[in-house]
Every structure is written in C-alpha cells, then in structure tokens.
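Structure assessment
The chain contents come next:
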Amino acid sequence: MNENENNFESLRQLLALKKHEVPPPGYFNRFSHRVINEIESGERLTDSERFFATVPWLFRLLSSMQARPALVGTAATGIFVLMAIGLIVADRPDSSPEVAASAMAPVDPANSLSMSQTFASSDLMTASASSNSAETASTGLAISTNLSLQPVASMFGHPNSLVQPASFNGN
Amino acid sequence: MGMIMAEPATNTSTEASNVSDEMSLVSRARRGEMDAYDELVRRYQERIYATMYHMTSNHEDANDLAQESFIKAFQALKSFKGDSSFYTWLYRIAVNKAINFIKQRRNRVSMSLNDLDTNAEHDPDLVALISHKTPHRAATLAELQEKLNAAILKLSEQHRAVVVLHDVQGVPHEEIADIMGCNVGTVRSRLFYARQQLQGLLAEYLDKK
C-alpha cells in the first residue's frame, strides 16, 4: 500500500488545492440560521413534494426521466409524430364523419336495419342542408348531421314549436 | 515521559466530553429544542458543505445539498439510534443525498468554483507542484483548480465520494466504510481506482517520477 501511496504522491499534492477552495466570505455566518428558519417554517416541503411523498413511484419515474433526457426526447418526438399523423389522416377527404360513424356502428343484426336507415336519412339531410341552405336560413331551422343536436319534437310533454316536419320527397 | 502520557489522556477525556456533549445536544434537539440543533449545525456546517462542494464543484448546489442534509437529519432525528456518532450519521445522509443528486444530474454538470484562499499560494505542496515539477510551469493555481475539478467530475459518484472523503477531507477508511455502507476493502479498491483515473486525467499536470 505504501508503494501505491508513493505512486500517488504528486496527485495528493494537487488534491491539496481543494482544501483551499472557500465559499464567499461570511457564508457560514448565517448558514445555521437559514437551516433553522427553513425547519421552523416548513417551507422546504412544497405542495408538490408533499404529493410526491404520497406517491414515491411517480417521483422515481420522474427522476429517472430527468436522468435520461435523450429517452424522454425520443418518446416525446414519437408522440408528436403519432399526433401529426392522426391529424393528417383526420383531415383527409375520405375520412368523413359518415365513414367514421359506420366504422363505429354496432354489428347487432337486430339494430343494423334501423341504424342503416338512420344514416341514410342522415345522408339525405346533409344533401338537403347543402342544397336548401337559403330555405333553412329563412325558416331558422338548421339541419345538422349530428343526431345528438337534432331539435326535440316535444319537450316535457308539450310540442316544440321550433320543430317543423321535414319532408325529403321534394313536396 | 509524564508529558507524553498526559497528552493522550487529555485528548481522550476531551473526546469523551465532546461525545457526551454531542449526545446531549442530539437529545435536546430531538425534543424540539432548536438552539441545540443550531449548535449541531454550527459544529458540522463547514465539513458538510465542503463535502457537498467537492462532490459537485458547484457552490449553489453545495449550498442546497448541505441545507437539505441538515433539514433531513432533523426530520429523521427520531430514527437516530446512536449506533454511530451523530457526525457519521449526518455524513451518511449528506453523502447519500449528494450521490442521488449526481445520478440525477449526470448529464447537466456545471461548475461554479469557489475562490482559493490566500494560503494556497504558500502551500508547500502547491508551490512545489507549480514551480518545479509541472511541465506546464506557467500553469496558474486557477487553471489547476479548474482542471482538477473537471477531472473529479468525471469520476463516478461512488469513486468521487471516496476520493473526496479520504484524500481531500482526511476521513479514515473505516469511517468512510461506515458512511457509505460498504466494507473497508471496497473503500480501498475504490480509492485506488479513483486515484488511477485522476492520475490519467491529470497526467500532464503531475510530476512523472
């Protein structure tokens, strides 16, 4: 071991420099005061720290993410790319709401007929809305393909005066 | 002869008195007496700060870590059983805090070096190193300080802790083993490896015998 110590003699001399590094003058004068103040006021424990104390696994996860910025950056880029692809696909003309709705339609055979009729009506309503926009503007009745926003024919047992019977026969 | 015998006896009694005084302060602090804890902080603030500073090479980080270590120690005071000295127990908290901090900030290292005191220019080791042995005779102490800190930052957190505690702060191997929760052999091997690494990194500033 002595031989090793001798081998590192000049390194020991250089490390002596570390002992001469000192903090700014007067730094220690108020150090204990600051520590005691922080203990007494409890400022050290912020709301987020209190939260993390209850879910230590989340703190460990975030800490590990902090230690691997490249990994986090790659994951974030991946998510961004997926979102961008999603937006582009959603904006394509062949991805109309009807297609999306038919894709989401249940395959229950008992309901399949009524659902297809509903969507057929919806298609007609869309066509009607575009061709008779002037008419709808004058009557104040807006036709929407969104079935959930259709005016209700009766409300609380009383007929809804805003609802007019629509005919798709051209009469 | 009498003088020689008397000195260790005095030292031993002083040490025992310090230990009992320390235990008394710890007991009082545990009961919530803040002036007792203030006294404990004053006793160890310089050593704890220095350890944090030498491990991070950054004054602001060292300040935060030292304060957090004392705060955590106070909060955990009830769990202090007295198996080791308060000082060793406090060191363990501080070193673990520094190691975790370095692990988290591995890729975001920034130096904020403290000034050198005026005694550095007259330190015989440094005078010899600069004026006679270093091939770079023009190297100033500030340059050496920067190179030395940069080299220390390249060590792993475990090796850095061992070299700082032993070679900079003079903590004995056995106490380092106690602080770091490993055996003395591990401390010695880590120290040897850390010194070898530092020697390689600082080769141009060291005397080649």
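Our structure is the block above this text.
Residues numbered from 1 in each chain as written. Chains lettered and ligands numbered in written order. Predicted model: local features only at pLDDT ≥ 70, side-chain atom pairs only at ≥ 80, totals over all residues. Heavy atoms only, no water.

Secondary structure summary: chain A contains nine helices and three strands in total. Counting from the amino terminus, chain A carries its helices and strands in the arrangement α-α-β-α-α-α-α-α-α-α-β-β. Per-residue burial for chain A yields a buried fraction of 16% across its 171 residues. Summarising the internal contacts of chain A: among those between residues at least 6 apart in sequence, 20% fall at separations of at least 24. With the model as given, the accessible surface of chain A reaches about 12400 Å², and the carbon-plus-sulfur share is 63%. (Helix = DSSP H or I, 4+ residues; strand = E, 2+ residues; numbered from the N terminus. Buried < 20%, exposed > 50% of the residue type's maximum accessible area, 1.4 Å probe, protein only. Contact = heavy atoms within 4.5 Å. Areas by Shrake-Rupley, 256 points an atom, 1.4 Å probe, with all protein chains shown as cover.)

Let's shift gears to the pattern of salt bridges. Residues and elements named next belong to chain B. Scanning the entire structure with this criterion turns up twelve salt bridges over all chains. In this structure, lysine 97 engages glutamate 68 in a salt bridge whose closest nitrogen and oxygen atoms are separated by 3.7 Å. In this pair, lysine 97 sits in helix 4 (residues 86-104) while glutamate 68 sits in helix 3 (residues 59-75), placing the two residues 29 residues apart along the sequence. On the basis of relative accessibility, which here comes to 22%, the residue lysine 97 falls in the partly exposed class. (Salt bridge = Lys/Arg side-chain N within 4 Å of Asp/Glu carboxyl O.)

A few words now on the packing of helix 3 (residues 31-41) of chain A against helix 3 of chain B. Packing of helix 3 of chain A against helix 3 of chain B brings their axes to within 10 Å, and their N-to-C directions diverge by 50°. Taken together, the axes of helix 3 of chain A and helix 3 of chain B lie oblique to each other. Between helix 3 of chain A and helix 3 of chain B lies a crossing of right-handed hand. Taking contact as the criterion, the partners of Phe31, Arg34, Val35, Glu38 and Ile39 of chain A in helix 3 of chain A are, on helix 3 of chain B, Asn63, Ala66, Gln67, Phe70, Ile71 and Phe74 of chain B. Of the residues assigned to the contact of helix 3 of chain A with helix 3 of chain B, the class counts are seven nonpolar, two polar and two charged. (Axes fitted to C-alpha atoms, helices over the stretch in contact; angles between N-to-C directions. Parallel < 35°, antiparallel > 145°, perpendicular 65-115°, else oblique. Left-handed = near helix turned anticlockwise from the far one by under 90°. Nonpolar A, V, L, I, M, F, W, Y, C, P; charged D, E, K, R; others polar.)

Let us now look at the interface of chain A and chain B. Taken together, the 38 residues of chain A in the interface contact 54 residues of chain B. Taken together, both faces of the contact between chain A and chain B bury some 4400 Å²; the carbon and sulfur share is 64%. If you look at where chain A meets chain B, you find zero salt bridges. The tally of links from chain A across to chain B stands at eleven residue pairs in polar contact (both at pLDDT 80 or more). Elements with a minimum of two residues in the side of chain A that touches chain B: helix 1 (2-7), helix 2 (9-15), strand 1 (21-22), helix 3 and helix 5 (56-67) of chain A. Sort the elements by how many residues they give to the side of chain A that touches chain B and helix 3 of chain A lands first, with nine residues. Across the side of chain A that touches chain B, the residue classes break down as 18 nonpolar, ten polar and ten charged. Across two bridges, the pairing between strand 1 of chain A and strand 1 (residues 115-116) of chain B is antiparallel. Directly across from glutamate 21 of chain A, in strand 1 of chain B, lies its bridge partner leucine 116 of chain B. (Buried area = accessible area lost by both parts, 1.4 Å probe. Polar contact = N/O pair within 3.5 Å; in protein donor to acceptor, adjacent residues only side chain to side chain. Pairing = 2+ DSSP bridges.)

Right, let's get into the nonpolar core. Tyr37, Ile48, Phe70 and Phe86 of chain B are the most contacted members of the largest nonpolar core, which totals 75 residues. The biggest single contributor to this core is helix 4 of chain B, with twelve residues. Discounting chain neighbours no more than four positions away, the residues touching tyrosine 37 of chain B are Ile36 and Ile39 of chain A together with Ala29, Phe70, Ala73, Phe74, Leu77 and Phe86 of chain B. (Core = buried A, V, L, I, M, F, W, Y, C linked by side-chain atoms within 4.5 Å.)

Moving on, we come to the environment of threonine 88 of chain B. All names here are of chain B. Looking at where threonine 88 falls in the secondary structure, it is placed in helix 4. We classify threonine 88 as buried; its relative accessible area is 5%. Along the sequence, threonine 88 and isoleucine 176 sit 88 residues apart, while their C-alpha atoms lie 8.7 Å from each other. Those residues in contact with threonine 88 that sit more than four places away from it in its chain are Glu175, Asp178 and Ile179.

Residues and elements named next belong to chain B. Under the 1.5 Å per step criterion, the end-to-end length of helix 9 (residues 184-201) is 26 Å for 18 residues, consistent within 8% with the ideal 26 Å. Within helix 9, burial applies to Val187, Leu191, Ala194, Arg195 and Leu198. Taken around the axis of helix 9, the buried residues stretch over an arc of 100°, which confines them to a single face. (Expected span 1.5 Å × (residues − 1). Arc of directions from axis to C-beta.)

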